[in-house]
Amino acid sequence: MLTLRTPYLVFLGDEADAGYAKTGVGLAYWRPDLCVGQMRLSDNAADAGLPDQSIQEAKAAGAQSVVLGVAMVGGAIPAEWLPILVEALEAGMDVVAGFHTRLSSFPELVDAAERGGANLVDVRVPPADIPVGTGQKRTGRRLLTVGTDCALGKKYTALALAKGMAASGMSADFRATGQTGILIAGGGVPLDAVVADFLVGAAEKVSPDNDPDHWDVIEGQGALFHPGYGPVSMGLLIGSQPDAFVVCTEAGRDTIRGWDRFSTPDIRDVIARTIDIGQQFNPDIRCVGISANTRHLDASARADYLGALEKEYGLPAIDPIATGVEPIVTRLATEFGQ
């Protein structure tokens, strides 16, 4: 059982790319009530909109844990962070990380935690009882967010949809499949840390049987066309057996982030591949909308871009933050009779 002591100091290091600081930025956006401040090692680091604080300032403000808010490629913890984490632990603050590298693998952190009476909390650790996938259909309904790439809005879209669906009177819950989502929701399964043979079973575990009219809105991971992270996307799609999915993209992103030799796929191809794979386990799977990250566009350009997507694909196209999710929620209610 995951135990998290709040409130948090969000550690952003010197990461200037908000895409790689998505854990801290996402936590600050969706759960500002749990955050007392942020710690940045450079003025050029990503800004989550929280007060800048040192370890001692955060401790005085009531912080109980330091959350490592940067998602490093490969999941390693930089050595230059260790003295700061030692300081936090010695001050009695837990250190919470969503990295593949376990905090307990660093003897200096283990010793500092013992001295300060603090805890090392690894979020990216899957439960021990994950079964192999069964492929059996479960009760209830499911919506999955899928993407043209990583780090472009699958989590934000799922959170916004779950919130919007609940506000409209639908029974809906957000289901976390990554470290940031788990920190926001307080639970979930980190799919990218699961042994490949158990990916489908983990996805089934994330969204178990439920009431017939209940929606689990499942946070997507990776991207089916991604050269590095495609397998986790495949396992999640098969195991979640979605009734509906939303394609997430970013305006202006033409290449895979970090794999610039690869172009981002066409939305039409993402829809076709998702249906081709998904219908083997849920013949009724369908795309119900497009969610676009338009943060680089002004209001006029955003309206033109979303309008063009709607015209081309015949689906509601939204930016979950800038325009809201109501068109997709309305389509869901209409198509599924809720």
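We now turn to the structure provided with this report. For every chain, the first residue of its written sequence is number 1, and the numbers climb from 1 along that sequence. This being a predicted model, a pLDDT of at least 70 is required before a residue's local features are given, and a value of 80 or more before pairs of side-chain atoms are given or counted; all residues contribute to the totals for chains, interfaces and linings. To get the side-chain values, all heavy atoms of the structure are used, and hydrogens and water are removed first.

Let us now look at the packing of helix α1 (residues 22-30) against helix α5 (residues 154-167). At a closest axis distance of 11 Å, the pairing of α1 and α5 adopts a crossing angle of 15 degrees. In terms of orientation, α1 lies roughly parallel with respect to α5. Classified by chirality, the crossing of α5 by α1 is right-handed. In this structure, α1 contributes V25, G26, Y29 and W30 to the contact, and α5 contributes Y156, L159 and A160. By residue class, the composition of the contact of α1 with α5 is 6 nonpolar, 1 polar and no charged. A fitted line through C-alpha atoms serves as each axis, taken over the contacting stretch for helices, and the angle formed by two N-to-C directions is quoted from 0 to 180°. The helix count covers DSSP runs of H or I at least four residues long, the strand count covers runs of E at least two residues long, and both are numbered beginning at the N terminus. In what follows, roughly perpendicular refers to angles from 65 to 115 degrees, roughly parallel to angles under 35, roughly antiparallel to angles over 145, and oblique to any angle outside these ranges. Definitions for this section: a left-handed crossing has its near helix turned counterclockwise from the far helix by less than a right angle. A right-handed crossing has that turn clockwise. Any two residues whose heavy atoms approach within 4.5 Å are treated as being in contact. Under the convention adopted here, Pro, Cys and the residues Ala, Val, Leu, Ile, Met, Phe, Trp and Tyr are nonpolar, Asp, Glu, Lys and Arg are charged, and Gly plus all remaining residues are polar.

All right, on to the nonpolar core then. Each nonpolar core is a collection of buried residues, namely Ala, Val, Leu, Ile, Met, Phe, Trp, Tyr and Cys, held together in the definition by side-chain atoms within 4.5 Å. Throughout this description, buried means an accessible area under 20% of the type-specific maximum (1.4 Å probe, protein chains only), exposed means over 50%, and partly exposed covers the range between. Judged by nonpolar contacts, the single largest core of 42 residues is most densely connected at L27, L143, L161, M165, W215, V288 and L332. Those elements giving two or more residues to this core turn out to be β1 (8-13), α1, α5, β7 (171-175), α6 (179-185), β8 (214-218), β9 (244-250) and α11 (326-335). Once residues within four sequence positions are removed from consideration, L161 is found in contact with L143, V217, V246, V325, I328 and V329. Core analysis: the second largest hydrophobic core is formed by 31 residues, L224, I238, V247 and V270 among them.

Quick look at the packing of helix α7 (residues 199-206) against helix α8 (residues 230-240) now. When two helices pack together, you describe them by how their axes are tilted relative to each other and by the distance separating the axes. It is the contact of α7 with α8, at a shortest axis distance of 7 Å, that shows an interaxial angle of 50 degrees. In terms of orientation, α7 and α8 fall into the oblique class. α8 is crossed by α7, and the crossing has right-handed handedness. Along the contact surface, α7 presents L199, V200, A203 and E204, while α8 presents P231, V232, G235, L236, I238, G239 and S240. Partitioned by chemical class, the residues of the contact of α7 with α8 number 7 nonpolar, 3 polar and 1 charged.

Attention now goes to the pattern of salt bridges. A carboxyl oxygen of Asp or Glu within 4 Å of a side-chain nitrogen of Lys or Arg is what we treat as a salt bridge. Throughout the structure, instances matching the rule amount to 14 salt bridges. The shortest N-O distance in the salt bridge between R253 and D149 comes to 2.7 Å. Taken together, the residues R253 in the loop between β9 and β10 (255-256) and D149 in the loop between β6 (141-147) and α5 connect sequence positions 104 residues apart. A residue is classified by how much of its surface remains accessible, and R253, at 13% relative accessible area, is buried. With a closest N to O distance of 3.0 Å, E335 and R286 form a salt bridge. In this pair, E335 is assigned in helix α11 and R286 in strand β12 (residues 286-293), connecting sequence segments 49 residues apart. With relative accessibility at 29%, the residue R286 sits in the partly exposed group. Three or more residues joined by partner-sharing salt bridges are found here, namely D149, E250, R253 and R295.

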